[in-house]
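Each chain is listed here by its residues.
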Amino acid sequence: MTAATTPTVDATERAHLARALALATSVRGTTSPNPAVGCVIARGDRIVGEGATRPPGSAHAEVVALGAAGEQARGATAHITLEPCAHHGRTPPCTDALLAAGVTRVVIAHPDPNPTASGGADALRAAGIEVVLGPEVFRAAVADELAGFLSLVGRGRPHVTLKLAQTVDGSLVAPGDGPGGGRWITGPAARRAVHRWRASVDAVLVGSGTVVSDDPGLDVRDVPLGRRQQPRPVVLDGRLRTPPTAKVVARGALLLTRADAGRSVRAALTEAGAQVIDVPTGVDGKVDPAAALRVLAVHGIATVLAEPGAKLAHTLLGAGLVDRLVRHVALGTGAGPPRPVLDEDADGWRTVRVGGAGADLIWERVPVTRPAVPTERQA
Ligand code: AOF
Ligand code: ZN
């Protein structure tokens, strides 16, 4: 979309845009691969209709809000977290719906970088509607909220959060290696935090080693799921070692493997509920992790929580495929400040959040140089 005009967005409009953002957040995780968008239709400070994106294939946020506003949309202002679409996708263009309803001004927080859907702002302007871009802080908030969608559109792969549990002095704890031979290193509060993360993503990724040694369910437990679906289990499993009896298989796991692997067990795995997908290999003959993520994008997976053991963690970090690193540090396991575990993540990361969870620390970092995600289409 073309040039932004920030000064003309007043305090009332900013408040409506904030409400639109809250609406978008309320449907997070229910719209993938579509972005979760919020829309508020208002006349001055009075909201006459509001809405958020429905699951893929059904109404976009603008259509829901316009439906609620009815005739009151005529002459009103629409506040939308994402530039309205201008294309016939699974639904007709929101741009047309806004024009037909008689909206006269549109405030947008973030342009739509999807080349097939974008162009709504220019189309509205061409029809004589006033279109303004909200303040930068909203754009940043939406970019954060829509990290998965922006990653799919900009890079053809999902946004990846890597979760590691470690001791203070920096040993990475694989499942089953906990103190006293127990399964957990971190306490119940940190584990609940993991379930909150799981509840916010489309897929949970592990390596086959984790499945073979631990048989995890990778589902959301102990926290409310709301309207969201359970995340899809995904196993990077080059040699197709996942047993058909594994819990994740019954949950419909995607098993990403090599074309030549496990020919004799494929039928049993499929029969038991898994989907086996061949992924190109790298020069080392192993499944190429970047190609594996591209496969997930094709399956509409926009956000991934990786909960791997050390090997896959190294692979993902080494390939530059981690967008956020969440470390759970068991503070009871040593002295001094927590140390990074892996060589690859010693540098180049900045801390965005440090918080407590019971006796553990949750330490969240992102790459200093964020991978290029085009958030604005320059016209
Ligand atoms: C909007 N409002 O609430 C959303 C938008 O196949 P469709 O018709 O559902 O279109 C999907 C595309 O529309 C999606 O990739 C993104 O570019 C945009 N999403 N647009 O005007 C919304 N969710
Ligand atoms: Zn739309």
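Residues numbered from 1 in each chain as written. Chains lettered and ligands numbered in written order. Predicted model: local features only at pLDDT ≥ 70, side-chain atom pairs only at ≥ 80, totals over all residues. Heavy atoms only, no water.

Visitor: I would appreciate a short explanation of the confidence of the model for the chain in the present structure.
Guide: Considering every residue of the chain, the mean pLDDT works out to 89; 89% of them sit at 70 or more. The low-confidence segment residues 174-182 (pLDDT under 50) makes 11 contacts with residues lying over four places distant or belonging to another chain. (pLDDT = per-residue confidence, 0-100. Contact = heavy atoms within 4.5 Å.)

Visitor: Could you clarify how one ought to interpret the coordination of the zinc ion (ligand 2) in this entry?
Guide: Six octahedral donors at a metal ideally form angles of 90 or 180 degrees, and four tetrahedral donors ideally form angles of 109.5 degrees. Around the zinc ion (ligand 2), the protein contributes the donor atoms His-60 (ND1), Cys-85 (SG) and Cys-94 (SG), which lie 2.0 to 2.2 Å from the metal centre. Metal-centred angles of 97 to 121 degrees between the 4 donor atoms at the zinc ion (ligand 2) mark the site as tetrahedral. Mapping the donors of the zinc ion (ligand 2) onto the primary sequence gives the spacing H-x24-C-x8-C. With His-60 in the loop between strand S2 (46-52) and helix H2 (61-69) and Cys-85 in the loop between strand S3 (77-82) and helix H3 (94-101), this pair connects stretches of sequence that are 25 residues apart. Both residues of the pair, His-60 and Cys-85, count as buried. (Donors = N, O, S within 2.8 Å, 3.2 Å for Na, K, Ca; no water. Tetrahedral: all angles 85-135°; square planar, octahedral: opposite > 155°, others 65-115°. Helix = DSSP H or I, 4+ residues; strand = E, 2+ residues; numbered from the N terminus. Buried < 20%, exposed > 50% of the residue type's maximum accessible area, 1.4 Å probe, protein only.)

Visitor: So what exactly am I meant to see when it comes to the nonpolar core here?
Guide: One recurring pattern in soluble globular proteins is that nonpolar side chains are buried together. With 35 residues, the main nonpolar core has Ile-41 and Val-106 as its most contacted residues. Setting aside anything within four residues of it in sequence, one finds Val-106 in contact with Ala-78, Ile-80, Leu-124, Ile-129, Glu-130, Val-131 and Val-132. In this structure, Leu-205, Leu-254, Val-279 and Leu-296 belong to the second largest nonpolar core, which totals 28 residues. (Core = buried A, V, L, I, M, F, W, Y, C linked by side-chain atoms within 4.5 Å.)

Visitor: Quick question: what am I supposed to make of the site of ligand 1 here?
Guide: Looking at ligand 1, there are 18 residues lining it, with Thr-53, His-60, Glu-62, Asp-112 and Asn-114 nearest. Interatomic distance of 2.7 Å between a side-chain N/O atom of Glu-62 and an oxygen atom of ligand 1. Note that an oxygen atom of ligand 1 is positioned 2.9 Å from one of the backbone N or O atoms of Arg-90. Out of a free accessible area of 520 Å², ligand 1 has 95% covered by protein chains. Looking at the shell around ligand 1 residue by residue, the class counts come to 8 nonpolar, 7 polar and 3 charged. (Near = heavy atom within 4 Å. Polar contact = N/O pair within 3.5 Å; in protein donor to acceptor, adjacent residues only side chain to side chain. Areas by Shrake-Rupley, 256 points an atom, 1.4 Å probe, with all protein chains shown as cover. Nonpolar A, V, L, I, M, F, W, Y, C, P; charged D, E, K, R; others polar.)

Visitor: I would appreciate a short explanation of the sheet that holds strand S5 (residues 130-133) in the present structure.
Guide: Within a sheet, adjacent strands bond to each other through the backbone by hydrogen bonds, running parallel or antiparallel. Across the sheet, 5 strands lie side by side as S2-S1-S3-S4-S5; this open sheet has mixed pairing. Either end of the sheet is taken by a strand with one partner, and the two such strands are S2 and S5. For this sheet, the mean inter-axis angle between neighbouring strands, taken without regard to orientation, is 20 degrees. The strands touched by helix H1 (residues 11-26) within the sheet are strand S1 (38-43), S2, S3 and strand S4 (105-110), with S1 carrying the most contacts at an inclination of about 150 degrees. (Pairing = 2+ DSSP bridges. Axes fitted to C-alpha atoms, helices over the stretch in contact; angles between N-to-C directions.)

Visitor: Before we go on, may I ask you to explain a positive patch on the surface in this structure?
Guide: On the surface, a cluster of positive charge is made up of Arg-239, Arg-241, Lys-286 and Lys-311. You can see Arg-239 is positioned in the loop between strand S8 (232-236) and helix H9 (247-250). Classification of Arg-239 as exposed rests on a relative accessible area of 53%. (Patch = residues over 30% accessible without salt bridge, like charges linked within 9 Å, V, L, I, M, F, W, Y side chains within 5 Å. Salt bridge = Lys/Arg side-chain N within 4 Å of Asp/Glu carboxyl O. Lys, Arg positive; Asp, Glu negative; His and termini not counted. Charge placed at Lys NZ, Arg CZ, Asp CG, Glu CD.)

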